[in-house]
Amino acid sequence: MSDCTANVAGQDYADFIYRHNAASLDELKAALGTDCISYVNESYVIYHVPLRESLPLSIPNHSYESIPALFGLMDTTSMEASGIISTFRQPALGSNGEGVIVGLIDTGIDYQNPLFRNPDGTTRILGLWDQTAENGGFELTGNRPFLFPFLYGKEYTAQDINAALESDSPLDAVPATDTNGHGTFLAGIAAGRYEPSMSFVGAAPLCSLGVVKLKPAKEYLRQYYMIPEDADAYQSNDIMMAITYLALLARRHRMPLVVCLGLGTNQGGHSGAAPVGEVMNSLRAYMGVAAVCPAGNEAGLRHHYLGQVSGPTGGYSDYDEVELRVGEGEKGFAIELWANSPEIYTVGFVSPTGEAIQRIPLTLNNETTITFSLEPTTISVSYATTLGFQSSYLASLRFISPIPGIWRIRVYPTITFSGMYHMWLPIEGFVSADTYFLQADPYTTIVTPGNSDFPITVSTYNHMDGSLFIHSSRGYTRDGRIKPDLAAPGVDVYGPGISSVPGVYPMVRMTGSSVAAAHVAGAVANIYSKQYPTGSYPAIGSDLVKATLIRGANRNPNYVYPNREWGYGTLDLYDSFISLRD
């Protein structure tokens, strides 16, 4: 049992990700110098220390992989187009998600909505972890090493929620809400019960639900990454803990689990080797557990640059000049340059006024800060030649108060073989729409953790006309793996909104790859529902579920599959069941 009594969710504490191989709790406490440790899995823990002891935040001081990344939201004819309604019309399939948990990691849920209740009015939610609740944490039973508690937030069980629903003031008993609406919408698409008055049904209307309401990112990280004040941002360590919570919830109830994550980030090397992706990959060890992630909405936003340096190995005279447009009022942003190890690149800059900064030499475990004579801009540059969880090279470029105009980033080959490197700006919402690469590349824009191997990664299309969504992120991954896996409806989709009037449940429309992912999450729950309760087929793992969806996907004869836009085709659950039968 941890001895931590601090409010680690508060603004006075910093959070760090630590990759471990400790054999005991005492060993971890000694290594990290704190009792405030959150256990994720056999590879990762999160430790919490007073913020005053952690500043200034920088890669040389803390390492790139230890600083939590920030994730943003990836925003019923669609069910018909996905072959889901067709399965409902076949009683022999018996597939509606019954006996399966769909676990949602998002902005919460409007638990009073009839879509998330049984016909008798009781809740379909088995567990709801509200990370924003100020109750100081809770225990969740399960076979975990070291018996770590969850140090923040509060869990509400089905019993708690049912008691609230029977009361005159539900929110007084269970004050967990969804003020954003994103989580409620995705829950409706994935799992909404058939409700004639709303003319709506979700993909797995009889499944059970597990819900994590993520707490907003702490202010010190928002300042470090220079996130706009109006942007929704969430920490990677909270998502990692959310995955652990849902896995333990499924073990507690001995039910299959489909994790649906509606968020993504451009941080990381886009090769799948990042903490959130690795925690998702660890779920592969469990039969009856799958995960679904959005591909992202980045293809048309000009946030990715693919570079090729033609200079000789070890040459310093040649460079690639990357033109970056910075919009008016941009407060700051970070660009990440990634390349395969052992290649090394260094950078220089030319400001919009023509002031040149020569190539910044490679200095390890150091951050170089650049100031300009004619403008108030500051740029901090950090190089990292080895990373704890991926064999890649990183150059981190942090622009603080950049003046508007065309900036030129000169990328010099220090040690090169392929001469190829990638650069990414932050995702939509984390940077101004007027800040972008002039010669951007729409490919390799699958956001993290959708670029990880284990999750089923979903791109977005318009089910009304069959066209690809203009911003749907495109593959492949930086290391050449096939992503996305398939496409699903995600343009102008009809689903539940959040209520501002008690007892009134509006319906709204939403667009984005997270909506597409919710369709697939419900479809996976239906496949598990067929496998486990009826015993018609042997228990299947996540890889076979993914293969089943791919086999049944619709494919346009004019395209070659797999491809970078559609993966292996568009979701068709009915044909997937037919392929499973055959």
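Residues numbered from 1 in each chain as written. Predicted model: local features only at pLDDT ≥ 70, side-chain atom pairs only at ≥ 80, totals over all residues. Heavy atoms only, no water.

Caption draft 1: Fine view of the confidence of the model for the protein chain. Summarising the model, the protein chain shows a mean pLDDT of 89, and 91% of its residues fall at 70 or more. Below pLDDT 50 for its whole length, residues 534-538 participates in 7 contacts with residues either more than four positions away or in separate chains. (pLDDT = per-residue confidence, 0-100. Contact = heavy atoms within 4.5 Å.)

Caption draft 2: Quick look at the sheet that holds strand 9 (residues 234-235). Spatially, the 3 strands line up as an open sheet ordered 9-4-11, and their pairing is antiparallel. The open sheet terminates on both sides in strands that have one partner only, identified here as strand 9 and strand 11 (263-264). Across 2 bridges, strand 4 (residues 70-73) lies against strand 11 in antiparallel orientation. Across the sheet, glycine 72 pairs through a bridge with glycine 264, a residue of strand 11. (Pairing = 2+ DSSP bridges. Helix = DSSP H or I, 4+ residues; strand = E, 2+ residues; numbered from the N terminus.)

Caption draft 3: Representation of the sheet that holds strand 20 (residues 392-400) in the model. Judged by pairing direction, the sheet is antiparallel, and its 6 strands sit side by side in the order 13-22-15-20-19-18 without closing on themselves. In the strand order of this sheet, the two ends are held by strand 13 (304-308) and strand 18 (367-371), each with one partner. Each strand axis lies, on average, 20° off the axis of its neighbour in the sheet, ignoring direction. Pairing between strand 18 and strand 19 (residues 378-384): 5 bridges, direction antiparallel. Each bridged residue has a counterpart across the sheet, and for threonine 371 the counterpart in strand 19 is threonine 378. (Axes fitted to C-alpha atoms, helices over the stretch in contact; angles between N-to-C directions.)

Caption draft 4: Expanded view of empty space enclosed by the protein. Taken as a whole, the largest cavity spans an internal volume of roughly 220 Å³. If you go around the largest cavity, you meet 19 residues; those closest to its centre are Tyr225, Gln267, Ala334, Glu336 and Pro426. Counting only elements with at least two residues in the lining of the largest cavity, the list comes to helix 8 (219-225), strand 15 (332-340) and strand 20. Partitioned by chemical class, the residues of the lining of the largest cavity number 13 nonpolar, 4 polar and 2 charged. Taken as a whole, the second largest cavity encloses approximately 150 Å³ of empty space. Lining the second largest cavity are 16 residues; nearest its centre among them are Tyr64, Ala69, Ser236, Ala274 and Pro275. When its residues are assigned to classes, the lining of the second largest cavity shows 10 nonpolar, 5 polar and 1 charged. (1 Å grid on protein atoms, 1.4 Å probe; cavity = no way out; pocket = protein on both sides within 12 Å on 5 of 7 lines; lining within 4 Å. Points joined across faces, edges and corners; volume = space filled by probe spheres on them. Nonpolar A, V, L, I, M, F, W, Y, C, P; charged D, E, K, R; others polar.)

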